[in-house]
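# Coordinate analysis (summary)
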Amino acid sequence: MSKTETSETLSSEDLEPLFDIGARLKAMRGAAGLSQRQLAQRAGVPHAQISNVEKNKISPSIATLRKILNGLGVSMADFFEPERQFPPGPFFRNDELIDLTSKVAMSSIGTGTGRMFFRQIGNAREHNLQILHEVYEPEADTGEALLQHGSSEGGFVVEGELEVTVGDEVRVLKTGEAYLFDSRIPHRFRNVSSGRTVVISACTPPYL
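### Quick word on the overall build of the chain
Counting its regular elements, the chain contains eight helices and nine strands. In the chain, which comprises 208 residues, the proportion classed as buried is 43%. Excluding contacts between residues fewer than 6 apart, the proportion of contacts in the chain whose partners are at least 24 apart in sequence is 66%. Of the accessible surface of the chain, which amounts to about 11,400 Å², a share of 52% is contributed by carbon and sulfur atoms.

Next up, the structure:
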């Protein structure tokens with residue numbers, strides 16, 4: 001394999017010795033409740049490509065893997081993160097919520113001067129549902145590069161005010177108001193108030 005090929009494709013030489021790209025993709029696809037054909041349609045790739053990656057017959061290029069993961073609503077960071085242990089539920093103490101703040105930073109979400117904090121309830125992949133406790137400090141902003149992924153999401157503003165952009169529509173939601181939309185539509189979240197904003201949100205399939 002040439003140096004150029006190594007930089008463009010992902011193989012076992014580039015990853016941890018025991019990391020299995022095919023098995024990981026198959027498990028995540030199964031958790032999302034998608035067939036290979038459905039994932040291929042969402043990702044905009046040939047059906048055979050999904051099958052070949054899952055069987056480790058081919059090493060996908062980074063660009064191809066990003067397209068496939070976008071179809072799942074999964075980030076590269078999440079895909080390659082080692083499996084973590086989740087509290088079994090069905091009930092969770094405050095200190096059992098999973099901190100995803102660092103994962104948000106790795107996903108390059110957030111360009112404002114204010115900080116954002118995200119905590120997840122339980123194992124989102126297992127239930128194909130990501131429920132988040134989100135905190136936006138003043139001037140927190142997911143960024144001018146609008147978010148877009150293959151999911152549906154909704155949220156309820158528990159405290160403060162949150163400016164939500166969905167396509168060409170922009171609205172400042174106040175405490176007690178909510179949103180629900182197709183995540184394939186470009187979107188953005190900003191705290192334009194002088195105080196913190198708290199949101200409880202849900203996304204399926206999981207994005208972060």
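### With respect to the sheet that holds strand β1 (residues 98-99)
Pairing is antiparallel in the open sheet, where six strands are placed in the order β1-β2-β3-β9-β4-β7. What marks the edges here is a single partner per strand, and that holds for β1 and β7 (178-182). Summarising the sheet, strand β2 (residues 116-120) and strand β3 (residues 130-136) pair through five bridges and their orientation is antiparallel. Bridged to Phe-118 within β3 is Glu-134.

### As for a nonpolar patch on the surface
Taken together, the side chains of Phe-156, Val-158 and Ile-200 define a hydrophobic patch exposed on the protein surface, amounting to about 240 Å² of accessible area. With respect to the element layout, Val-158 can be found in strand β4 (residues 152-159).

### Focus on the sheet that holds strand β8 (residues 187-190)
On the basis of which strands lie adjacent, the open sheet formed by three strands has the order β6-β5-β8 and antiparallel pairing. The open sheet has two edge strands, β6 (169-174) and β8, and neither has a second partner. Taking the axes of each pair of neighbouring strands and ignoring which way they run, one obtains an average angle of 15 degrees across the sheet. Pairing of strand β5 (residues 161-166) with β6, which is carried by six bridges, proceeds in the antiparallel orientation. For Glu-163, the partnering residue across the bridge sits in β6 and is Val-172.

### Some thoughts on the environment of Glu-169
On the secondary structure map, Glu-169 appears in strand β6. The exposure class assigned to Glu-169 is exposed, which follows from its relative accessible area of 63%. Placed 18 residues apart in sequence, Glu-169 and His-187 show a C-alpha to C-alpha distance of 9.3 Å.

### Description of unusual backbone geometry
Residue Pro-90 follows Gly-89 across a cis peptide bond; omega there is 10 degrees. Along the chain, the position of Pro-90 falls in the loop between α6 (76-80) and β1. Its identity is not glycine, yet Asn-128 carries a phi of approximately 55 degrees, on the positive side. Looking at the element boundaries, Asn-128 is found in the loop between α8 (124-127) and β3. Located in the positive-phi region is Glu-139, a residue other than glycine, with phi close to 75 degrees. Locating Glu-139 in the fold gives a position in the loop between β3 and β4. Residue Glu-139 is classed as exposed on the basis of its relative accessible area, which comes to 52%.

### Digging into the environment of Pro-90
Here Pro-90 falls in the exposed class, since its relative accessible area comes to 67%. Placed 32 residues apart in sequence, Pro-90 and Gly-122 show a C-alpha to C-alpha distance of 8.4 Å.

Rules used throughout
Residues numbered from 1 in each chain as written. Predicted model: local features only at pLDDT ≥ 70, side-chain atom pairs only at ≥ 80, totals over all residues. Heavy atoms only, no water. Helix = DSSP H or I, 4+ residues; strand = E, 2+ residues; numbered from the N terminus. Buried < 20%, exposed > 50% of the residue type's maximum accessible area, 1.4 Å probe, protein only. Contact = heavy atoms within 4.5 Å. Areas by Shrake-Rupley, 256 points an atom, 1.4 Å probe, with all protein chains shown as cover. Pairing = 2+ DSSP bridges. Patch = residues over 30% accessible without salt bridge, like charges linked within 9 Å, V, L, I, M, F, W, Y side chains within 5 Å. Salt bridge = Lys/Arg side-chain N within 4 Å of Asp/Glu carboxyl O. Axes fitted to C-alpha atoms, helices over the stretch in contact; angles between N-to-C directions.

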